[in-house]
Amino acid sequence: MNIPPRDTLYADPIASVAGFAFDERVAEVFPDMIRRSVPGYGAILSAIGLLADRFAQPDSVCYDLGCSLGGATLAMRHGIRQPGCRIVAVDNATAMVERCRELLARDQALVPVELLCADIREVPVENASLVVLNFTLQFLPVAERLPLMERIYQGLKPGGALIISEKLAFDDPRQQALHTDMHHAFKRSQGYSELEISQKRTALENVLVPETLEQHRSRLLQAGFASCEPWFQYFNFASLIALK
Ligand SMILES: Nc1ncnc2c1ncn2[C@@H]1O[C@H](C[S@+](CC[C@H]([NH3+])C(=O)[O-])CC(=O)[O-])[C@@H](O)[C@H]1O
Ligand SMILES: O=C(O)C(=O)Cc1ccccc1
(Lines give C-alpha, C1' and ligand atoms only; values in the text may rest on other atoms or scores of the structure.)
(Ligands and ions follow the chains in the order given, each with its own letter.)
Protein backbone atom coordinates (compact mmCIF):
# COMPACT_ATOMS: atom_id res chain seq x y z
CA MET A 1 0.00 0.00 0.00
CA ASN A 2 1.30 3.46 -0.83
CA ILE A 3 1.58 6.01 1.98
CA PRO A 4 -0.90 8.89 1.51
CA PRO A 5 0.96 12.15 0.71
CA ARG A 6 1.11 14.83 3.40
CA ASP A 7 -1.42 17.68 3.31
CA THR A 8 0.47 20.89 2.50
CA LEU A 9 -2.42 22.59 0.61
CA TYR A 10 -2.43 25.66 2.87
CA ALA A 11 1.29 25.71 3.76
CA ASP A 12 2.28 28.62 1.48
CA PRO A 13 0.68 32.09 1.62
CA ILE A 14 -2.35 32.34 -0.71
CA ALA A 15 -3.27 35.84 -2.00
CA SER A 16 -7.01 35.16 -1.95
CA VAL A 17 -8.14 31.95 -0.24
CA ALA A 18 -10.95 30.28 -2.22
CA GLY A 19 -13.84 28.37 -0.63
CA PHE A 20 -12.95 24.79 0.32
CA ALA A 21 -13.81 22.26 -2.42
CA PHE A 22 -13.44 18.48 -2.57
CA ASP A 23 -11.30 18.57 -5.70
CA GLU A 24 -8.42 16.47 -7.02
CA ARG A 25 -5.84 18.17 -4.78
CA VAL A 26 -7.89 17.53 -1.65
CA ALA A 27 -8.69 13.92 -2.66
CA GLU A 28 -4.96 13.19 -3.07
CA VAL A 29 -4.07 14.20 0.51
CA PHE A 30 -7.43 13.48 2.16
CA PRO A 31 -6.43 10.55 4.42
CA ASP A 32 -3.62 12.65 5.92
CA MET A 33 -5.77 15.82 6.05
CA ILE A 34 -8.69 14.29 7.91
CA ARG A 35 -6.54 12.38 10.43
CA ARG A 36 -4.50 15.49 11.31
CA SER A 37 -7.58 17.79 11.32
CA VAL A 38 -10.35 15.84 13.06
CA PRO A 39 -9.49 14.74 16.60
CA GLY A 40 -10.75 11.21 17.14
CA TYR A 41 -11.32 10.41 13.45
CA GLY A 42 -9.61 7.00 13.74
CA ALA A 43 -11.50 6.12 16.91
CA ILE A 44 -14.81 7.04 15.24
CA LEU A 45 -14.06 4.78 12.26
CA SER A 46 -13.23 1.86 14.58
CA ALA A 47 -16.50 2.40 16.44
CA ILE A 48 -18.45 2.56 13.15
CA GLY A 49 -17.16 -0.95 12.45
CA LEU A 50 -18.46 -2.15 15.83
CA LEU A 51 -21.79 -0.32 15.37
CA ALA A 52 -22.19 -1.87 11.91
CA ASP A 53 -21.89 -5.32 13.47
CA ARG A 54 -24.50 -4.33 16.06
CA PHE A 55 -27.05 -2.67 13.74
CA ALA A 56 -26.72 -4.38 10.34
CA GLN A 57 -29.76 -6.59 9.88
CA PRO A 58 -29.83 -9.59 7.51
CA ASP A 59 -30.83 -8.66 3.93
CA SER A 60 -30.70 -4.92 4.58
CA VAL A 61 -28.72 -1.95 3.29
CA CYS A 62 -26.11 0.12 5.15
CA TYR A 63 -25.55 3.61 3.75
CA ASP A 64 -22.39 5.76 3.90
CA LEU A 65 -23.54 9.23 2.80
CA GLY A 66 -20.64 11.53 1.88
CA CYS A 67 -18.17 8.65 1.81
CA SER A 68 -15.09 10.55 0.51
CA LEU A 69 -12.43 7.83 0.14
CA GLY A 70 -14.60 5.25 1.89
CA GLY A 71 -13.10 5.29 5.39
CA ALA A 72 -16.47 4.57 7.03
CA THR A 73 -17.52 2.27 4.16
CA LEU A 74 -14.49 0.05 4.77
CA ALA A 75 -15.05 0.10 8.53
CA MET A 76 -18.65 -1.07 7.97
CA ARG A 77 -17.61 -3.61 5.36
CA HIS A 78 -15.23 -5.23 7.85
CA GLY A 79 -17.66 -4.97 10.77
CA ILE A 80 -20.79 -6.49 9.18
CA ARG A 81 -21.27 -10.22 9.80
CA GLN A 82 -24.97 -10.58 8.94
CA PRO A 83 -25.89 -12.37 5.70
CA GLY A 84 -27.35 -10.60 2.68
CA CYS A 85 -26.16 -7.09 3.59
CA ARG A 86 -24.90 -4.59 1.09
CA ILE A 87 -23.45 -1.12 1.45
CA VAL A 88 -24.43 1.91 -0.63
CA ALA A 89 -21.68 4.57 -0.50
CA VAL A 90 -22.38 8.00 -1.98
CA ASP A 91 -20.33 11.12 -2.70
CA ASN A 92 -20.82 13.91 -5.22
CA ALA A 93 -17.12 14.79 -5.63
CA THR A 94 -15.80 13.01 -8.72
CA ALA A 95 -12.19 13.08 -7.50
CA MET A 96 -13.20 11.38 -4.24
CA VAL A 97 -15.38 8.74 -5.93
CA GLU A 98 -12.65 7.79 -8.43
CA ARG A 99 -10.08 7.22 -5.68
CA CYS A 100 -12.64 5.55 -3.45
CA ARG A 101 -13.40 3.04 -6.22
CA GLU A 102 -9.70 2.09 -6.43
CA LEU A 103 -9.40 1.72 -2.65
CA LEU A 104 -12.53 -0.46 -2.47
CA ALA A 105 -11.24 -2.68 -5.30
CA ARG A 106 -8.01 -3.33 -3.33
CA ASP A 107 -9.99 -4.37 -0.25
CA GLN A 108 -10.70 -8.08 0.16
CA ALA A 109 -13.87 -8.00 2.31
CA LEU A 110 -16.91 -9.72 0.82
CA VAL A 111 -19.84 -7.41 1.64
CA PRO A 112 -20.91 -5.89 -1.72
CA VAL A 113 -20.49 -2.12 -2.04
CA GLU A 114 -22.38 0.00 -4.55
CA LEU A 115 -20.50 3.30 -4.97
CA LEU A 116 -22.51 6.18 -6.42
CA CYS A 117 -21.27 9.57 -7.60
CA ALA A 118 -24.43 11.44 -6.63
CA ASP A 119 -25.89 14.09 -4.39
CA ILE A 120 -27.03 12.58 -1.08
CA ARG A 121 -30.14 14.78 -1.33
CA GLU A 122 -31.20 12.76 -4.37
CA VAL A 123 -30.31 9.19 -3.43
CA PRO A 124 -33.26 7.08 -2.23
CA VAL A 125 -32.79 5.51 1.21
CA GLU A 126 -34.60 2.17 1.38
CA ASN A 127 -34.53 -0.99 3.51
CA ALA A 128 -31.78 0.57 5.65
CA SER A 129 -30.59 -0.87 8.93
CA LEU A 130 -27.76 1.65 9.43
CA VAL A 131 -27.09 5.06 7.89
CA VAL A 132 -23.78 6.85 8.47
CA LEU A 133 -23.18 10.55 7.87
CA ASN A 134 -19.55 10.87 9.00
CA PHE A 135 -18.78 14.61 8.83
CA THR A 136 -21.03 15.21 5.81
CA LEU A 137 -24.19 16.96 7.06
CA GLN A 138 -22.10 20.02 8.01
CA PHE A 139 -21.54 20.71 4.28
CA LEU A 140 -25.27 20.82 3.39
CA PRO A 141 -27.15 24.15 3.51
CA VAL A 142 -28.85 24.28 6.93
CA ALA A 143 -32.36 24.42 5.36
CA GLU A 144 -31.72 21.11 3.56
CA ARG A 145 -30.72 19.18 6.66
CA LEU A 146 -34.18 18.42 8.09
CA PRO A 147 -35.62 17.07 4.79
CA LEU A 148 -32.62 14.69 4.55
CA MET A 149 -33.09 13.52 8.17
CA GLU A 150 -36.78 12.88 7.42
CA ARG A 151 -35.96 10.80 4.34
CA ILE A 152 -33.37 8.80 6.28
CA TYR A 153 -35.86 8.18 9.07
CA GLN A 154 -38.47 6.98 6.54
CA GLY A 155 -35.93 4.67 4.84
CA LEU A 156 -34.78 3.02 8.07
CA LYS A 157 -36.21 -0.33 9.13
CA PRO A 158 -37.57 -0.77 12.66
CA GLY A 159 -34.55 -1.09 14.94
CA GLY A 160 -32.45 0.96 12.53
CA ALA A 161 -29.94 3.64 13.51
CA LEU A 162 -28.34 6.80 12.14
CA ILE A 163 -24.78 7.72 13.08
CA ILE A 164 -24.01 11.36 12.52
CA SER A 165 -20.56 12.86 13.16
CA GLU A 166 -20.16 16.62 13.04
CA LYS A 167 -18.00 19.58 13.98
CA LEU A 168 -19.99 21.36 16.71
CA ALA A 169 -20.76 24.97 17.50
CA PHE A 170 -21.51 26.18 21.06
CA ASP A 171 -24.01 28.76 22.28
CA ASP A 172 -21.77 29.90 25.12
CA PRO A 173 -19.07 32.22 23.68
CA ARG A 174 -16.44 31.02 26.16
CA GLN A 175 -17.09 27.38 25.24
CA GLN A 176 -16.99 28.29 21.54
CA ALA A 177 -13.63 30.05 22.00
CA LEU A 178 -12.21 27.25 24.16
CA HIS A 179 -13.16 24.45 21.76
CA THR A 180 -11.92 26.40 18.74
CA ASP A 181 -8.60 27.06 20.51
CA MET A 182 -8.26 23.42 21.52
CA HIS A 183 -9.00 22.25 17.98
CA HIS A 184 -6.26 24.56 16.75
CA ALA A 185 -3.93 23.23 19.47
CA PHE A 186 -4.73 19.73 18.17
CA LYS A 187 -3.87 20.81 14.63
CA ARG A 188 -0.59 22.39 15.76
CA SER A 189 0.26 19.16 17.59
CA GLN A 190 -0.28 17.38 14.27
CA GLY A 191 2.29 19.62 12.56
CA TYR A 192 0.08 22.28 10.98
CA SER A 193 1.46 25.85 11.11
CA GLU A 194 -0.52 28.94 12.16
CA LEU A 195 -0.70 29.94 8.47
CA GLU A 196 -2.09 26.54 7.46
CA ILE A 197 -4.66 26.69 10.27
CA SER A 198 -5.81 30.22 9.46
CA GLN A 199 -5.96 29.79 5.66
CA LYS A 200 -7.94 26.54 5.97
CA ARG A 201 -10.25 28.24 8.45
CA THR A 202 -10.92 30.98 5.89
CA ALA A 203 -11.56 28.39 3.16
CA LEU A 204 -14.12 26.59 5.35
CA GLU A 205 -16.09 29.75 6.26
CA ASN A 206 -19.67 29.43 4.98
CA VAL A 207 -18.75 26.04 3.47
CA LEU A 208 -18.69 23.95 6.66
CA VAL A 209 -21.51 25.28 8.85
CA PRO A 210 -21.44 23.70 12.34
CA GLU A 211 -24.48 23.60 14.59
CA THR A 212 -24.89 22.99 18.32
CA LEU A 213 -25.56 19.58 19.83
CA GLU A 214 -29.01 20.87 20.76
CA GLN A 215 -29.80 21.86 17.16
CA HIS A 216 -28.80 18.38 15.99
CA ARG A 217 -30.78 16.67 18.72
CA SER A 218 -33.97 18.66 18.17
CA ARG A 219 -33.80 18.19 14.39
CA LEU A 220 -33.38 14.42 14.73
CA LEU A 221 -36.35 14.23 17.10
CA GLN A 222 -38.37 16.45 14.74
CA ALA A 223 -37.54 14.07 11.89
CA GLY A 224 -39.11 11.26 13.91
CA PHE A 225 -36.19 9.58 15.67
CA ALA A 226 -37.16 8.12 19.07
CA SER A 227 -33.91 9.18 20.75
CA CYS A 228 -30.51 10.61 20.05
CA GLU A 229 -27.32 10.55 22.16
CA PRO A 230 -23.74 11.62 21.60
CA TRP A 231 -21.54 8.51 21.96
CA PHE A 232 -18.24 10.37 21.29
CA GLN A 233 -16.83 13.84 21.66
CA TYR A 234 -13.28 15.19 21.38
CA PHE A 235 -13.21 18.99 21.64
CA ASN A 236 -15.64 20.37 19.02
CA PHE A 237 -16.01 17.08 17.12
CA ALA A 238 -18.80 14.74 18.11
CA SER A 239 -20.66 11.70 16.88
CA LEU A 240 -24.32 11.02 17.70
CA ILE A 241 -26.44 7.94 17.39
CA ALA A 242 -30.16 8.33 16.67
CA LEU A 243 -32.52 5.36 16.99
CA LYS A 244 -35.71 4.78 15.02
N1 LIG B 1 -24.61 16.98 -1.15
C2 LIG B 1 -23.63 16.07 -1.11
N3 LIG B 1 -23.79 14.86 -1.71
C4 LIG B 1 -22.82 13.94 -1.68
N5 LIG B 1 -21.64 14.11 -1.04
C6 LIG B 1 -21.44 15.30 -0.43
C7 LIG B 1 -22.41 16.32 -0.43
N8 LIG B 1 -21.92 17.38 0.25
C9 LIG B 1 -20.68 17.03 0.67
N10 LIG B 1 -20.39 15.78 0.25
C11 LIG B 1 -19.17 15.01 0.49
O12 LIG B 1 -19.03 14.84 1.87
C13 LIG B 1 -17.67 14.53 2.15
C14 LIG B 1 -17.29 15.19 3.47
S15 LIG B 1 -15.84 14.49 4.21
C16 LIG B 1 -16.51 12.93 4.75
C17 LIG B 1 -15.51 11.98 5.34
C18 LIG B 1 -15.91 10.53 5.22
N19 LIG B 1 -17.32 10.30 5.53
C20 LIG B 1 -15.02 9.66 6.05
O21 LIG B 1 -15.50 9.03 7.00
O22 LIG B 1 -13.82 9.60 5.73
C23 LIG B 1 -15.70 15.31 5.73
C24 LIG B 1 -14.69 16.36 5.79
O25 LIG B 1 -13.92 16.53 4.81
O26 LIG B 1 -14.66 17.08 6.85
C27 LIG B 1 -16.85 15.04 0.95
O28 LIG B 1 -16.23 13.96 0.29
C29 LIG B 1 -17.90 15.72 0.06
O30 LIG B 1 -17.65 15.58 -1.32
O1 LIG C 1 -9.85 21.13 9.22
C2 LIG C 1 -10.81 21.56 9.84
O3 LIG C 1 -10.77 22.67 10.43
C4 LIG C 1 -12.05 20.80 9.97
O5 LIG C 1 -12.96 21.29 10.50
C6 LIG C 1 -12.15 19.40 9.46
C7 LIG C 1 -12.03 19.16 8.00
C8 LIG C 1 -11.30 18.05 7.60
C9 LIG C 1 -11.17 17.77 6.25
C10 LIG C 1 -11.77 18.59 5.31
C11 LIG C 1 -12.52 19.69 5.72
C12 LIG C 1 -12.67 19.96 7.07
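Bear in mind the structure is a predicted one, so any value in this text is a computation, not a measurement. (Residues numbered from 1 in each chain as written. Chains lettered and ligands numbered in written order. Predicted model: local features only at pLDDT ≥ 70, side-chain atom pairs only at ≥ 80, totals over all residues.)

## Considering the site of ligand 2
Applicable threshold: In this entry, near means the residue's backbone-placed C-beta atom lies within 6 Å of the molecule or strand. Starting at the N terminus, helices and strands are each numbered in turn, a helix being any DSSP run of H or I of at least four residues and a strand any DSSP run of E of at least two. Each residue is assigned to one of three groups, with Ala, Val, Leu, Ile, Met, Phe, Trp, Tyr, Cys and Pro labelled nonpolar, Asp, Glu, Lys and Arg labelled charged, and all others, Gly among them, labelled polar.
Neighbouring ligand 2 are M33, I34, S37, V38, K167, K200, L204 and L208. At the level of elements, α1 (24-37) and α7 (194-204) are the ones that each hand at least two residues to the shell around ligand 2. For the shell around ligand 2, the leading source of residues is α1, giving three residues. Across the shell around ligand 2, the residue classes break down as five nonpolar, one polar and two charged.

## Considering the sheet that holds strand β6 (residues 227-234)
Across a sheet, paired strands are connected by hydrogen bonds in the backbone, their directions being either parallel or antiparallel. Spelled out, the test is: In this scheme, strands are said to pair when DSSP sees at least two bridges between them. Note on geometry: axes are lines fitted to C-alpha atoms, helical ones only across the stretch in contact, with angles between N-to-C directions running from 0 to 180 degrees. Here contacts are defined at the residue level, using C-beta atoms placed from the backbone and a cut-off of 7 Å between them.
An order of β3-β2-β1-β4-β5-β7-β6 is seen for the seven strands of this open sheet, with the pairing classed as mixed. Each end of this open sheet is capped by a strand with a single partner; those strands are β3 (113-117) and β6. Averaged over all adjacent pairs, the angle separating strand axes in this sheet is 15 degrees, with direction ignored. For strand β1 (residues 61-65) and strand β2 (residues 86-91), the ladder comprises five bridges, and the chain directions are parallel. Paired with V61 across the two strands is R86, which belongs to β2. Taken strand by strand, helix α5 (residues 145-155) contacts β4 (128-134) and β5 (156-167), and its axis lies near 150 degrees from that of β5.

## Brief notes about the UniProt feature "binding site: S-adenosyl-L-methionine" (unreviewed entry) in the protein
Note the cut-off: UniProt positions are given in the numbering used here, feature names are shortened, and annotations may be inferred rather than shown by experiment. Between the buried cut of 20 or more and the exposed cut of 12 or fewer other C-beta atoms within 10 Å of a residue's own C-beta lies the partly exposed class, and all C-beta atoms are placed from the backbone.
The UniProt feature table records "binding site: S-adenosyl-L-methionine" (unreviewed entry) at Y41, G66, C67, S68, D91, N92, D119, I120, N134 and R201. For the residues just named, distributed over 161 residues, the greatest C-alpha separation reaches 24.9 Å, placing them at more than one site. Within the secondary structure, D119 is located in the loop between β3 and β4. On the basis of neighbour count, D119 is assigned to the exposed category, with 11 C-beta atoms found within 10 Å. Tracing the backbone shows N134 in strand β4. A residue is classified by how many C-beta atoms lie within 10 Å of it, and N134, with 25 of them, is buried. Sequence-distant contacts of N134, defined by excluding residues within four places in its chain, comprise I44, I48, A72 and S165.

## Regarding the nonpolar core
For clarity, the cut-off: For this entry, the nonpolar core is defined as buried Ala, Val, Leu, Ile, Met, Phe, Trp, Tyr and Cys residues connected by C-beta atoms within 7 Å.
A52, C62, L130, V131 and V132 are the most contacted members of the largest nonpolar core, which totals 61 residues. Contacts of V132, omitting those with residues within four sequence positions, involve I48, Y63, D64, L65, A72, M76 and I163.

## Overview of the UniProt feature "domain: Methyltransferase" (unreviewed entry) in the protein
With numbering matched to this structure, UniProt assigns "domain: Methyltransferase" (unreviewed entry) to residues 64-160. Note that residues 64-160 is 34% helix and 26% strand, and that its end C-alpha atoms are spaced 14 Å apart.

## Considering the pairing of β3
Operational definition: The crossover handedness rule: strands pointing away from the viewer, path from first strand over the helix to second strand clockwise, crossover right-handed.
Pairing analysis gives five bridges linking β2 to β3, with the strands arranged parallel. Bridge assignment links I87 to a residue of β3, and that residue is V113. This β-α-β element, β2 to helix α4 (residues 94-106) to β3, shows right-handed connectivity.

## What about unusual backbone geometry?
One non-glycine residue, F135, adopts positive backbone phi at about 65 degrees. Position of F135 relative to the elements: it lies in the loop between β4 and α5. By the C-beta count within 10 Å, which is 22 here, F135 ends up buried. At F235, a position not held by glycine, the phi torsion is positive, near 55 degrees. Structurally, F235 can be placed in the loop between β6 and β7 (237-243).

## Digging into the site of ligand 1
In the region of ligand 1, 20 residues are neighbours, and G66, G71, A93, N134 and F135 sit closest. At the level of secondary structure, the elements contributing two or more residues to the shell around ligand 1 comprise α3 (71-79) and β2. In terms of residue class, the shell around ligand 1 is built from 11 nonpolar, six polar and three charged.

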